[in-house]
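# Secondary and tertiary structure notes
Next come the chains, spelled out residue by residue.
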Amino acid sequence: MSWKLKAKKWQEAMLNDEMIERLNDLCNDEKALEECFYTDLQFGTGGMRGILGVGTNRMNIYMVRKVAEGLARFMNELGEEVKRRGVVIAYDSRHKSKEFALEVAKTVGERGIKTYLFDGMRPTPELSFAVRYLHAFSGVVITASHNPPQYNGIKLYGEDGAQITPEASTSIIQQMETIDELSIEVAEEQQLVERNLLTYIGEEIDRAYIEQLLTIRLNEEVIRKTTNDLKIVFTPLHGTAAHIVPKGLRAYGFQHITVVKEQADADPNFSTVQLPNPEEHDAFTMAMEYGKREDADLLLGTDPDADRLGVAVKNAQGVYEVLTGNQLGALMLHYMLSQKQAKQTLPNNGVVIKTIVTSELGRAIATDFGLKTIDTLTGFKYIAEKIKQYESTGTYTFQFGYEESYGYLIADFVRDKDAVQAALFITEVAAYYKQKGMSLYDALQALFERYGFYKESLHSLTLEGKEGAQQMKHIFKSFRTRPLTEIAGIAVKEIEDYTTGERYDLVNNKKEELHLPRSNVLKYKLIHDQWICIRPSGTEPKLKFYYGVKQSSEKASEAMLKQLEQFIKSKMELFLK
């Protein structure tokens, strides 16, 4: 169906007042109208995300109902037990999140499926925990993570608390293809409550979650000795972690916690930051001001749905510096393995799981402690998939999972990245080093001295709309049909093409199979431990370029990194002329 026919269909439908008003506003702007209808929002790896608005290419109650109806039909085909186990639903602080969450409950409830709806906003990792705690069949969270305020989204979870499997995703997509988003029947909230098909949850889950958080402590003595001295500043960036992180830190044993007041309230406009993303250094501006006043050892920041954690610490000059996700992961990993080794609780078959774009420093640390490191595709669902596999086979015992984009998992009672776990655990790491007279920055330098100066970066190219999507396809096609044999004067050793599932060994002129799912990703490995990875974002109109180097000094690593970045930047300028 053409976009004009889709727009006409929406114009003739019985939309709610808000959607009618938005549609009327677009009638005199054909280009804007086309952007809203030229395609349907794609249900990707476990969910859907987009700009709020009217149309099939926007997030609104009709597209949310479509996803929920697809889930409901999928569950109905699996039988009554699955329907009784039901769906847990959570939401974040964004525009329409609460409304969308209720629409999910009303849609699946109409199909006779039990729902558990949180009575207020909650972190995404707590949703993952709640699915497991309540033995539900599925979970739904309304969030667009760290995207700008005009975005929202919906993510689906399986019974293990991880994002749904590719098989389940395919089945739900097939169901959605037969659904008219404008004709979905929904139940009334009160009717569902009376029929025991809708139960509101909250405090009980919070208590159970915090009890599990306390199990990740490795050295209570260190916490006791530093609790009066270690000073923490925390910002939830207007999101879901405003209460749970301070409460968890106090339960863990820490006392001096200052919350950034201006960023503690739920604000869907995220009015104090350009982006509510702890990866962005500007997001720590207010926390740094608080840190200076409090002379804080540690600044913690979570994104709106509290699955990502950023940390800033004082560097050698006494200035707060935001650590990268790779650096933070390395600090937590080394502390965890060294503590477990000292207590003789480190299993012989322990495994660290990271993504293909995460620093190789983690592998070096794991190898030093005799552990295996497994790589997955980008996305924490793949790490959770491996955890489930090893839990079933007993091949490995999960120890730590992380990705460069500020996502970490310390203990697998959650099966998604968990900023709440990470906030508590990195504070314990900071306490350990403070007792030794070191900051986290000092500890990081010690890791570099021991394992080599690993340095990484990420650059994104934003390509919006229909034209941007075509440009992205053209760029990828060019990289595949004319593969690079050298980058910035350095020979390429291997090319890993995750679309074809093959590794090309340019040195020995042979091909090998990649034992990972197919994905639109290219990775170049160079002859001196450098690498570049190219992939489109799964949630934003961006092409992402990841870089990793290892040199004998920080200065040499920075120089090499700039060399690689400049090469790719020049190449992109030629593409976009």
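Data block above holds the structure.
In this report, the structure presented in the accompanying data block is examined.

## As for the nonpolar core
Residues Leu300, Leu309, Val311, Met332, Phe425, Ile426 and Leu440 are the most contacted members of the largest nonpolar core, which totals 102 residues. Setting aside its immediate chain neighbours within four residues, Val311 contacts Phe284, Leu298, Leu299, Leu300, Glu321, Val322, Leu323, Leu328, Ile426 and Leu440. Residues Ala7, Leu26, Val87 and Phe137 belong to the second largest nonpolar core, which totals 51 residues.

## Section: the side chain of Asp303
Inspection of the secondary structure assignment puts Asp303 in the loop between strand E9 (298-302) and strand E10 (309-314). A distance of 3.1 Å separates polar atoms of two side chains, one belonging to Asp303 and the other to Ser145. Engagement of the side chain of Asp303 in a polar contact is seen with the backbone nitrogen of Arg308, the distance being 3.1 Å. In contact with Asp303, not counting residues within four places along its chain, are Ser145, His146, Pro236, Pro276, Pro278 and Arg308.

## Section: the pairing of strand E8 (residues 256-259)
Bridge count for strand E7 (residues 231-235) against E8 is four bridges, and the pairing is parallel. Bridge assignment links Phe234 to a residue of E8, and that residue is Val259. Each parallel crossover has a hand, and the one from E7 via helix H12 (residues 244-252) to E8 is right-handed.

## What to know about the packing of aromatic side chains
Tallied over the entire structure, the rule returns 15 aromatic pairs. An angle of 40 degrees between the planes, with centres 6.4 Å apart, marks the rings of Phe74 and Phe137 as tilted. Remark: Phe137 occurs in the loop between helix H7 (124-133) and strand E4 (138-142) and Phe74 occurs in helix H4 (residues 61-78); sequence separation between them is 63 residues. Both residues of the pair, Phe74 and Phe137, belong to the buried class. Clustering of aromatic rings is evident, with ring pairs tying together Phe129, Tyr133, Tyr209 and Phe413. The ring of Tyr382 carries Lys381 above its face, with NZ or CZ at 5.7 Å from the centroid.

## Here we look at unusual backbone geometry
Phi angles above zero are rare outside glycine, and His135 is one such case at about 55 degrees. Tracing the backbone shows His135 in the loop between H7 and E4. On the accessibility criterion, His135 (57% relative accessible area) is exposed. The phi torsion at His238 lies on the positive side, around 70 degrees, for a residue other than glycine. Looking at the secondary structure, you find His238 in the loop between E7 and H12.

## Digging into the sheet that holds strand E12 (residues 350-355)
Pairing is mixed in the open sheet, where four strands are placed in the order E13-E12-E14-E15. With partners counted over all chains shown, the strands left at the sheet margins are strand E13 (372-376) and strand E15 (407-409), one partner each. On average, each strand axis in the sheet is tilted by 20 degrees relative to the strand beside it, whichever way the strands run. Bridging between E12 and E13 involves five bridges; their strand directions are parallel. Paired with Thr355 across the two strands is Thr376, which belongs to E13.

Quick notes on the rules
- Residues numbered from 1 in each chain as written.
- Predicted model: local features only at pLDDT ≥ 70, side-chain atom pairs only at ≥ 80, totals over all residues.
- Heavy atoms only, no water.
- Core = buried A, V, L, I, M, F, W, Y, C linked by side-chain atoms within 4.5 Å.
- Buried < 20%, exposed > 50% of the residue type's maximum accessible area, 1.4 Å probe, protein only.
- Contact = heavy atoms within 4.5 Å.
- Helix = DSSP H or I, 4+ residues; strand = E, 2+ residues; numbered from the N terminus.
- Polar contact = N/O pair within 3.5 Å; in protein donor to acceptor, adjacent residues only side chain to side chain.
- Pairing = 2+ DSSP bridges.
- Right-handed = clockwise from strand over helix to strand, strands pointing away.
- Phe/Tyr/Trp six-rings, centres within 6.5 Å; stacked < 30°, edge-to-face > 60°.
- Lys NZ or Arg CZ within 6 Å of the ring centre and 35° of its normal.
- Axes fitted to C-alpha atoms, helices over the stretch in contact; angles between N-to-C directions.

Interpretation in functional terms is not warranted from these geometric data alone.
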